[in-house]
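If you want the building blocks of each chain, they are given just below.
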Amino acid sequence: MKKVAFYTLGCKVNQYETNGMIQKFIEHGYQIVEFNEIADIYIVNTCTVTNISDRKSRQMLRRAKEMNENALIVAVGCYVQVAKKEIEKMPEIDLCLGTNEKKNVVEYVEEYLQNGQKVDLEEVLLSKEYGDFGSVTYTEKVRAVIKIQDGCDRFCSYCLIPYARGRVRSRKPEKVIEEIKSIAGRGIKEVVMTGIHVASYGKDFKENYQLIDLLEAIEKIEGIERIRLGSMEPLLMNEAFLERLEKLDKICHHFHLSLQSGCDKTLERMNRRYSIKQFEQIVQNLRKTYKDVILTTDIIVGFPGETEEEFAETYAFLKKIKFYKMHVFKYSVRSGTKAALLENQVPNEKKEERSKKLIQLSEENQQWYHQKWMGKQVEVLVEEKEGQFYKGHTGNYLFVKWQGNQNGINEFVKGIVEGGTKEELIVKNVTKM
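Residues numbered from 1 in each chain as written. Predicted model: local features only at pLDDT ≥ 70, side-chain atom pairs only at ≥ 80, totals over all residues. Heavy atoms only, no water.

In this structure, M193, L215, M237, L245 and F255 are the most contacted members of the largest nonpolar core, which totals 66 residues. Discounting chain neighbours no more than four positions away, the residues touching L245 are I212, L215, I251, F255 and Y290. Of all hydrophobic cores here, the second largest spans 23 residues; its members include F25, Y30, L72 and V109. (Core = buried A, V, L, I, M, F, W, Y, C linked by side-chain atoms within 4.5 Å. Buried < 20%, exposed > 50% of the residue type's maximum accessible area, 1.4 Å probe, protein only. Contact = heavy atoms within 4.5 Å.)

The structure is reproduced here in C-alpha cells:
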C-alpha cells in the first residue's frame, strides 16, 4: 500500500479540493499519512494569492523532497496554473497539475508512475464547465466545507486568481444537495459554503437560480443545523437578498465581507465595484437584521498610489465600522496584473507601518467585542478536546473554550461567558442543549 501525504496552502476551496483528492486516493487503496512522515507520494496544493504564497509553495515542495528523495513530488493548483514554466524549473518536482486537473489526480499520478507521462495543463480561462469531484464526504473536523462554485469574473487589478481559476462556473444545485445530504448522514451538523466568488453562484446558469435559492434548499436538509457562508462579495448583501436570508434559521450570523480599502480612490484603482457609502449601508442593514452579527474583513495596505491621506481615510472608516477582526495584507506586486503597472508603488517600510496600525486596531476591536459578550449566554458546537479544555465556535464565530469532562464532540452546548483572552472567550456553567 503506497503512502500519500498532502500539504495545503491558501483558502477553504483548496482545503475542500485536498479533501476530495484524499478521498480519491483512499478509494484507490492508498494510505494517507501526515506531511512530516515518510511517504511515497507528496502532493502540495499550492496558492498564488500573494508572493509569500508562491514562496511558501516552493518551500513545501523542496521540503517534501528532503523528507524522501525517492518520493514522487506533485505540485498542484493555482501557483502551478499561473507559473508553470517557473515551477517546472524546480528539479524537486516530478509532476505538475493545474486547478482543473485536481479531480483526476489519482489517474495522472498512476499514469506518471507507470509511463512517466506528464500532463498538459488545461487553459483554465477557457473552461466553461464546473469540474466536479463528486460527493466529497471526507472531512477532518466536525464542520464540512462544501465547494459550490469556481472561478471569478471580477478581475480586481491586484489579483491573479481569475487566471489561476478561470471564469465563473457554478456547481449544479442537485450535486450540492446530494453532497450535503451525504455529509448530514455522517452526523455532521455544520456546513460552510465556499468558492472563489460565492456571490456569483448561478450567474452561468441558463435558468434563474441564485445563491439564495441554494441556501433555501439547504435549509430543508434534515440533520444540518448550521449553514455558514465563506468570504462574500459585499454587493450581494442587498435588501432583497437579506429579506430572504433572514428567514433561514440555520444561517450563521457571521459574514466575512472583503472590503480591501476604506478609501473610494483606492477602491477605484483596485477595480472594486462598490463605494464606501454602499459598503457602510450594507453593514448597517446586516446589523439591523441580525443583532448578534459578527463582521470580519480583508484589507490591503500599501496599494500603488495609496497616499497618507488615503490611508488615513481607510483607518477612519475601519475605526467607524468596527469589524470584529481584520485580515491585513501588505500589497505585493503580482506580475501580469494591472496593478503591477501602476505608478507610485508604496515603499515596504510604509506598508509595514500601515499594517501594524491596522493589526493593532483589529486587536482593540476584538477585545471590545469580547468585553461586550461578558455575562451573556452563548451556544457552541463542540469541535475538539485539548487537555482539560473543550473548544468550539458560536454561530457568529466567536471562539470559546471551557473545562469539562462530559461534553461530546459534535454536540451543541450552551454556557455563560466569564472571561477571555485576545483570541478566545472562556465560558462556565456549560450544559448540553
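Continuing now.
If you check helix 11 (residues 276–289), its first and last C-alpha atoms are 20 Å apart, about what 14 residues at 1.5 Å a residue would give, namely 20 Å. Every buried residue of helix 11 is listed here: I276, F279, E280, I282, V283, N285 and L286. Against the buried residues of helix 11 lie helix 9 (239–245), strand 11 (254–256), helix 10 (264–270), strand 12 (294–301) and helix 12 (308–321). (Helix = DSSP H or I, 4+ residues; strand = E, 2+ residues; numbered from the N terminus. Expected span 1.5 Å × (residues − 1).)

Turning to a negative patch on the surface, a few remarks are in order. A cluster of acidic residues, D264, E268, E309 and E313, forms a negative patch on the protein surface. Those elements giving two or more residues to the negative patch turn out to be helix 10 and helix 12. Relative to the helices and strands, E268 is located in helix 10. Looking at E268, the relative accessible area reads 65%, which means it is exposed. (Patch = residues over 30% accessible without salt bridge, like charges linked within 9 Å, V, L, I, M, F, W, Y side chains within 5 Å. Areas by Shrake-Rupley, 256 points an atom, 1.4 Å probe, with all protein chains shown as cover. Salt bridge = Lys/Arg side-chain N within 4 Å of Asp/Glu carboxyl O. Lys, Arg positive; Asp, Glu negative; His and termini not counted. Charge placed at Lys NZ, Arg CZ, Asp CG, Glu CD.)

Take the sheet that holds strand 5 (residues 95–97) next. Across the sheet, which stays open at both edges, the 5 strands sit in the order 2-1-3-4-5 with parallel pairing between neighbours. Of all strands in the sheet, those with a lone pairing partner are strand 2 (31–33) and strand 5, marking the two edges. For this sheet, the mean inter-axis angle between neighbouring strands, taken without regard to orientation, is 25°. Sheet analysis places strand 4 (residues 72–77) next to strand 5, joined by 3 bridges and oriented parallel. Each bridged residue has a counterpart across the sheet, and for V76 the counterpart in strand 5 is L97. Sheet strands touched by helix 1 (residues 12–27): strand 1 (3–8), strand 2, strand 3 (41–46) and strand 4. Its angle to strand 1, the strand with the most contacts, is close to 175°. Those strands touched by helix 5 (residues 105–115) are strand 3, strand 4 and strand 5, and its axis lies near 160° from that of strand 5. (Pairing = 2+ DSSP bridges. Axes fitted to C-alpha atoms, helices over the stretch in contact; angles between N-to-C directions.)

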